[in-house]
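Each chain, letter by letter, is given below.
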Amino acid sequence: MTPIALFYLLIAIIIIVFLIDSLLDILNARHYNDAIPDELSDVYPQEEYQKSIAYKRANYKFKLVSSSISLLIMLLFFFFEGFAWVDSISRSFSNNSIIIGLLFFGIIMIGSDILSTPVAYYKIFVIEEKFGFNKMTPKTFFVDKIKSIIMMIIVGGGLIAIIIWFYEITGKSFWIYAWALVTIFTITMNMFYAKLIVPIFNKQTPLEPGELRETIQAYSKNVGFQLKDIFVIDGSKRSTKANAYFSGFGSEKRITLYDTLIKDLNNEEIVAVLAHEVGHYKKRHVIINLLLSVALTGLTLWFLSLFITNPLLSEALGVEIPSFHIGLIAFGILYSPISEVTGLIMNTVSRAFEYQADDYAKNTYDSEALINSLKKLSKNNLSNLTPHPAMVFIHYSHPTLLQRIKNLRK
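Heads up: these notes are all about the structure in this document. (Residues numbered from 1 in each chain as written. Predicted model: local features only at pLDDT ≥ 70, side-chain atom pairs only at ≥ 80, totals over all residues. Heavy atoms only, no water.)

### Topic: the overall build of the chain
- Looking only at helices and strands, one finds 16 helices and four strands in the chain.
- Whereas a compact globule of 410 residues would reach a radius of gyration of roughly 22 Å, the chain reaches 23 Å, a difference of no more than 12%.
- The dimensions of the chain, computed from C-alpha atoms along their principal axes, are 65 × 45 × 40 Å.
- Counted over contacts in the chain with a minimum sequence separation of 6, partners at least 24 positions apart contribute 76%.
- Of the accessible surface of the chain, which amounts to about 20,900 Å², a share of 65% is contributed by carbon and sulfur atoms.
- Positive and negative charge centroids in the chain, built from 37 and 34 side chains respectively, lie 2 Å apart. (Helix = DSSP H or I, 4+ residues; strand = E, 2+ residues; numbered from the N terminus. Rg over C-alpha atoms; globule rule 2.2 N^0.38 Å. Contact = heavy atoms within 4.5 Å. Areas by Shrake-Rupley, 256 points an atom, 1.4 Å probe, with all protein chains shown as cover. Lys, Arg positive; Asp, Glu negative; His and termini not counted. Charge placed at Lys NZ, Arg CZ, Asp CG, Glu CD.)

### Details of the nonpolar core
- In terms of nonpolar packing, the biggest core is built from 51 residues, with Ile216 and Leu257 touching the most fellow members.
- Ignoring any residue separated from it by four or fewer positions in sequence, one finds Ile216 in contact with Leu207, Leu227, Ile230, Leu257, Val271 and Leu274.
- One finds Leu6, Phe83, Leu317 and Ala330 within the second-largest nonpolar core, a separate group that totals 24 residues. (Core = buried A, V, L, I, M, F, W, Y, C linked by side-chain atoms within 4.5 Å. Buried < 20%, exposed > 50% of the residue type's maximum accessible area, 1.4 Å probe, protein only.)

### Digging into the sheet that holds strand 3 (residues 244-247)
- With respect to topology, four strands assemble into an open sheet ordered 1-2-4-3, the strand pairing being mixed. Either end of the sheet is taken by a strand with one partner, and the two such strands are strand 1 (204-206) and strand 3. Ignoring strand direction, the axes of neighbouring strands in this sheet form an average angle of 30°.
- Where strand 1 and strand 2 (residues 229-233) come together, three bridges link them in antiparallel fashion. Paired with Pro206 across the bridge in strand 2 is Phe231. (Pairing = 2+ DSSP bridges. Axes fitted to C-alpha atoms, helices over the stretch in contact; angles between N-to-C directions.)

### Examining the pairing of strand 4 (residues 254-258)
- A large share of strand 4 lies buried, amounting to four of its five residues.
- Looking at chain direction, strand 2 and strand 4 are connected through five bridges and run parallel. Pairing of Ile233 across the sheet is with Tyr258, part of strand 4.
- With four bridges joining them, strand 3 and strand 4 adopt antiparallel strand pairing. Residue pairing in the sheet places Ser247 in a bridge with Arg254 of strand 4.

### Digging into the side chain of His280
- By secondary structure assignment, the location of His280 is in helix 10 (residues 267-282).
- On the basis of relative accessible area, His280 is assigned to the buried category, the value being 11%.

### Some thoughts on helix 8 (residues 211-222)
- Between the first and last C-alpha of helix 8 there are 16 Å, a value that for twelve residues agrees with the 16 Å anticipated at 1.5 Å per step.
- Residues Leu212, Arg213, Ile216, Tyr219 and Ser220 constitute the buried set of helix 8. Buried residues of helix 8, viewed axially, fall in a sector of 130°; they line one side. Along helix 8, exposed side chains directed more than 90 degrees from the buried face belong to Glu211, Glu214, Lys221 and Asn222.
- Contacts made by the buried residues of helix 8 are with strand 2, strand 4, helix 9 (259-264), helix 10 and helix 13 (324-364).
- At the C-terminal side of helix 8, Gly224 shows a positive phi close to 70°. (Expected span 1.5 Å × (residues − 1). Arc of directions from axis to C-beta.)

### Some words on the packing of aromatic side chains
- All told, the structure shown has 31 aromatic pairs when counted by the stated rule.
- Each ring, one from Phe62 and one from Tyr122, has its centre 5.4 Å from the other, and the planes form 15°; the classification is stacked. Pair noted here: Phe62 is in helix 2 (residues 46-79) and Tyr122 is in helix 4 (residues 97-130), with a separation of 60 residues, a long-range link.
- Using a relative accessible area of 17% as the deciding quantity, one classes Phe62 as buried. (Phe/Tyr/Trp six-rings, centres within 6.5 Å; stacked < 30°, edge-to-face > 60°.)

### A few points about the environment of Leu115
- One can find Leu115 in helix 4.
- On a C-alpha basis, the gap between Leu115 and Arg284 in space is 40 Å, while along the polypeptide they are 169 residues apart.

### Some details on the environment of Lys51
- Its place among the elements puts Lys51 in helix 2.
- Note on Lys51: relative accessible area 32%, which makes it partly exposed.
- Between the alpha carbons of Lys51 and Ser247 there is a distance of 34 Å; along the sequence they are 196 residues apart.
- Contact partners of Lys51, with chain neighbours within four places excluded, come to Phe131 and Leu382.

### Some points on unusual backbone geometry
- In this model, Arg284 sits at a positive phi of 65°, which is unusual for a non-glycine residue.
- Looking at the secondary structure, you find Arg284 in the loop between helix 10 and helix 11 (285-307).
- The phi angle at Leu382 is positive, at roughly 55°, despite the residue not being glycine.
- Assessed through its relative accessible area of 4%, Leu382 is described here as buried.

### Looking at the packing of helix 3 (residues 82-91) against helix 13
- The contact between helix 3 and helix 13 brings their axes to 11 Å, and the two run at 160°. Relative to helix 13, the element helix 3 is oriented roughly antiparallel. Every pair of crossing elements has a handedness; the one defined by helix 3 and helix 13 is right-handed. Facing helix 3, whose interface residues are Phe83, Asp87 and Arg91, helix 13 presents His325, Ile326 and Ile329.
- Looking at the contact of helix 3 with helix 13, its residues break down into three nonpolar, one polar and two charged. (Parallel < 35°, antiparallel > 145°, perpendicular 65-115°, else oblique. Left-handed = near helix turned anticlockwise from the far one by under 90°. Nonpolar A, V, L, I, M, F, W, Y, C, P; charged D, E, K, R; others polar.)

Spelled out as structure tokens, the structure:
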């Protein structure tokens, strides 16, 4: 294959992925006005349902416009040899491959962030604000962004630097050492995310003594779930949307409730949601997902090792000097069709796990309480009750509300 042929293959992949995603969005939008199934007839009052349709349409139109602009910018960057330009700037500062790689990705990240910030700002302070979800102030928005950039520089930059160093000293075998590094990092984040990362952005406080805490502890004891910590996170600082999640494993496991969840649901419904999260733990979904993630990372890095030394990757992007960072960009695009397939498989597994966790909650607590909580959360989040089956199959990590209710009541 010639560099020109590879160049146009990369362009074709980018366009095809965009067209498939856009087609799914269009198909999904055509189902916004579908009749609500009988099982979901009590989720929305008519006025609220019309509001949910308006919310979905606003996000649909916004995504089409923003993704089209992103595609155009990406194509212009390719055709005007933007990667070669950034590479030359990076090389003007140093001859060290690690520093060049860090500068290259740093410039790409800064440029991407400059372009994406207005998009994110509009979505939060126009769309989310219009429909009553946003509680974030402009100050919080920009402080969050600064914190994210600092974390990206420290964590992302550190990982990239070490991986490039592995590549420099081991050649094609770098993937084994990179896999070990990423595995250690992934396990660490799974265990200590709530202690290391969450406090940077949110305040977490132990759930106060009272009826809710006692009910949760009684349920945990009943099912043999040793619960060390129950925390409440100030989600209302940014949005009215509610959530709850389970994190960590072993002695570091904890349950975190959004303060908005406590506000929206009664105690029985909250415990039902937690029973679902406990189900994930009891069914070992946390460990299985971690192992799948590690295996997928290893597969990706192995594929990368097969291509990264080929100068054709750099030549296709107009760069004369082959390098790890340029090869990584080209490989990322080439790998995206495979990534779409693995993502589909992971979503299929995730939906199966959600059914299992729902079944656990049904068998150990109360299926109707869980159904009521799911309905309330769907209503408060203006969720789509009638998504297109193709959209669900490809992109949904959870079954639809209707599918979950039917499973809980069968």
